[in-house]
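Coordinates in review
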Number of protein chains: 2
Amino acid sequence: MTNTTAPDKSLSATKVSNVDLQLCFALYSASLSMTKTYKPLLSKLKLTYPQYLVLLVLWEKDGMTVNSISERLFSDSGTLTPLLKRLEKLGMIQRQRAREDERKVIITLTEAGRLLQTESTNVHSQIACSTGCTITELQALNNQLIMLRTNLIKNLNTV
Amino acid sequence: MTNTTAPDKSLSATKVSNVDLQLCFALYSASLSMTKTYKPLLSKLKLTYPQYLVLLVLWEKDGMTVNSISERLFSDSGTLTPLLKRLEKLGMIQRQRAREDERKVIITLTEAGRLLQTESTNVHSQIACSTGCTITELQALNNQLIMLRTNLIKNLNTV
DNA sequence: AAATAATATATTGTACACAATTTAATTGTG
DNA sequence: CACAATTAAATTGTGTACAATATATTATTT
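Residues numbered from 1 in each chain as written. Chains lettered and ligands numbered in written order. Predicted model: local features only at pLDDT ≥ 70, side-chain atom pairs only at ≥ 80, totals over all residues. Heavy atoms only, no water.

Put simply, the test is: UniProt positions are given in the numbering used here, feature names are shortened, and annotations may be inferred rather than shown by experiment.
An unreviewed UniProt entry lists chain A under the name HTH-type transcriptional regulator SarZ, with Methylotenera oryzisoli as the source organism. A UniProt comment under Subcellular location (unreviewed entry) is attached to chain A, and it reads "Cytoplasm". If you open the UniProt record of chain A and go to Sequence similarities (unreviewed entry), you find "Belongs to the SarZ family."

Structure below.
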């Protein structure tokens, strides 16, 4: 792609009224760009970005059920089940039914899964570097995105 | 911001140093939430969000090649080719090889494809409403996301 | 206790996202 | 002109994203 200094008009930037439309595309393309940035870093750990997100959750709190991971990541079982099976096949986690309620599946980190956390520490800093933003800018953007997400989810069924 | 149910700690919000990590997840989940918001509105038009993005591009400039659409949307042929074939099957576009260079495929809107633009006008306003943000806020967020995307893409091969 | 409802996960099917490879057409070079 | 290099799409294969449905387990109700 080389030339990144091309004029960024985004979609329909000429019409000022279409800020909503512009924002949606900016959000979409920025998210994809972020995934592309993560890809080479994570592929060294044999992980995809969504798999990495699951591990982040487990590093914070091990032994969660599929459902609680799902709520944390705004994901669903149709996505998580096969993803978790791949993580299990990779030897990063273990899947086992809860004894007190056999509908629930408990996800536990393996030794290898726990060790990955240390290996992944320098991933963060490289990402932060690639954003070209200051901590303050990242923090501001983070807050706005959380607000946006909260509003969108709140209004999901009201449209 | 009334009832947002669960407290939003995002991922690892406890560690202030992980702003980068938080931002990545906020971006990811906000983008997915946006797609979910679009879904019911677009399904009335029988479209998916990526298909809608292609139509937005064509409404702005008809008769583009696959490659130019690809650059505009930060997408690639592996994604676009099947997507465009579906849009063709839906009767929204036509795909034809360029006469002067038969490697290129020209994408042209059909009458039905052009007419959809009018039908989609109220989609924007409903999205803007769901964001719960003011025009100024949307504009600011848009600018920051474009900056972020530009930086990420610029640094893609430098990591 | 049997029937019913609710819950948690799994399965199926469609549609991206993207790397890697392939195919076909065009351009460049000797 | 012949032939390698380049370019534009298409193809293949893996991994989500998500709606809809199925299955199994637990809780409730009659």
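After that view, the rundown keeps rolling.
**Let's talk about the side chain of Thr131(A)**
Keep this limit in mind: Secondary structure elements are taken from DSSP: a helix is a run of H or I of four residues or more, a strand is a run of E of two residues or more, and numbering for both begins at the N terminus. Throughout this description, buried means an accessible area under 20% of the type-specific maximum (1.4 Å probe, protein chains only), exposed means over 50%, and partly exposed covers the range between. Any N or O atom pair separated by 3.5 Å or less is treated as a polar contact, with the protein-specific requirement of one donor-capable and one acceptor-capable atom, and with residues adjacent in sequence counted only for side-chain atom pairs. Whether two residues touch is decided by their heavy atoms; if any such pair falls within 4.5 Å, the residues are in contact.
Structurally, Thr131(A) is set in helix 6 (residues 121-131). According to the relative accessible area criterion, Thr131(A) is buried, its value standing at 1%. In this structure the side chain of Thr131(A) is engaged in a polar contact, spanning 2.6 Å, whose partner is the backbone oxygen of Ala128(A). Apart from the residues lying within four places of it in its own chain, the contact partners of Thr131(A) are Met34(A), Leu138(A), Leu148(B), Asn151(B) and Leu152(B).

**Quick look at the interface of chain A and chain B**
Heads up, the condition is: Buried area is calculated as the accessible area (1.4 Å probe) missing from two parts once they are joined, with the contributions of both summed. The nonpolar class holds Ala, Val, Leu, Ile, Met, Phe, Trp, Tyr, Cys and Pro. Asp, Glu, Lys and Arg form the charged class, and all remaining residues, Gly among them, are polar.
Opposite the 67 residues of chain A that make contact, chain B presents 69 residues. Interface of chain A and chain B: buried area, both sides summed, is about 6,800 Å²; carbon and sulfur atoms make up 67% of it. Remark: the boundary between chain A and chain B carries 13 residue pairs in polar contact (both at pLDDT 80 or more). Among the secondary structure elements, those contributing two or more residues to the side of chain A that touches chain B are helix 1 (19-43), helix 2 (49-60), helix 3 (66-73), helix 6 and helix 7 (135-154) of chain A. If you tally residues by element for the side of chain A that touches chain B, the top one is helix 1 of chain A, at 19 residues. Class assignment for the residues of the side of chain A that touches chain B results in 38 nonpolar, 21 polar and eight charged.

**Topic: the protein's contact with DNA strand C**
This is how the line gets drawn: The nearness test applies per residue and asks whether one of its heavy atoms lies within 4 Å of the molecule or strand.
Inspection of the region around DNA strand C gives 28 residues, with Tyr28(A), Asn67(A), Thr81(A), Lys85(A) and Thr48(B) positioned closest. Each atom of DNA strand C within 4 Å of the protein was assigned to sugar, phosphate or base; sugar and phosphate come to 81%. Between a phosphate oxygen of DNA strand C and a side-chain N or O atom of Thr81(A), the distance comes to 2.7 Å. At 3.5 Å, a backbone N or O of Gly78(B) approaches a base nitrogen of DNA strand C. Sorting the residues of the surface near DNA strand C by element identifies helix 1, helix 3, helix 4 (77-89) and strand 2 (93-97) of chain A together with helix 2 (49-60) and helix 4 (77-89) of chain B as the ones contributing at least two each.

**Here's the deal with the nonpolar core**
Filter applied, for reference: Buried Ala, Val, Leu, Ile, Met, Phe, Trp, Tyr and Cys residues that are joined via side-chain atoms within 4.5 Å together make up what is termed a nonpolar core.
Ranked by size, the top nonpolar core spans 96 residues in total, and within it Tyr52(A), Leu55(A), Leu145(A), Tyr52(B), Leu55(B) and Leu145(B) carry the most contacts. Contact partners of Tyr52(B), with chain neighbours within four places excluded, come to Leu21(A), Tyr38(B), Leu42(B), Leu47(B), Trp59(B), Ser120(B), Val123(B) and His124(B).

**Comments concerning the relation of the copies chain A and chain B**
Going by this rule: Here the copies were fitted onto each other by least squares, based on C-alpha atoms from residues at pLDDT of at least 70 in both.
Overlay of chain A on chain B (RMSD 0.0 Å): rotation 180 degrees, translation along the axis 0.0 Å. Interpreted geometrically, this transformation is the action of a two-fold axis. Identified as the residue of chain A closest to the rotation axis by C-alpha distance is Ser31(A), at 3.3 Å. Taken as a fraction of all interface residues of chain A, those also at the interface in chain B reach 100%, which identifies the copy contact as same-surface.

**Details of the sheet that holds strand 1 (residues 64-65) of chain A**
Residue and element names in this part refer to chain A. Stated formally: In this description, strands pair whenever DSSP reports at least two bridges between them. Structural elements are reduced to axes, namely lines fitted to C-alpha atoms, with helices fitted over the stretch in contact, and the angle between N-to-C directions of any two is expressed from 0 to 180 degrees.
Read across the sheet, three strands follow the order 1-3-2 without closing on themselves; strand pairing throughout is antiparallel. Edge positions in the sheet fall to strand 1 and strand 2, since each of these pairs with one other strand and no more. One ladder, built from two bridges, connects strand 1 with strand 3 (residues 105-109); its direction is antiparallel. Within strand 3, the position partnered with Thr65 by the bridge is Ile106. Seen against the sheet, helix 2 touches strand 1, strand 2 and strand 3 and runs at an angle of roughly 85 degrees to strand 3.

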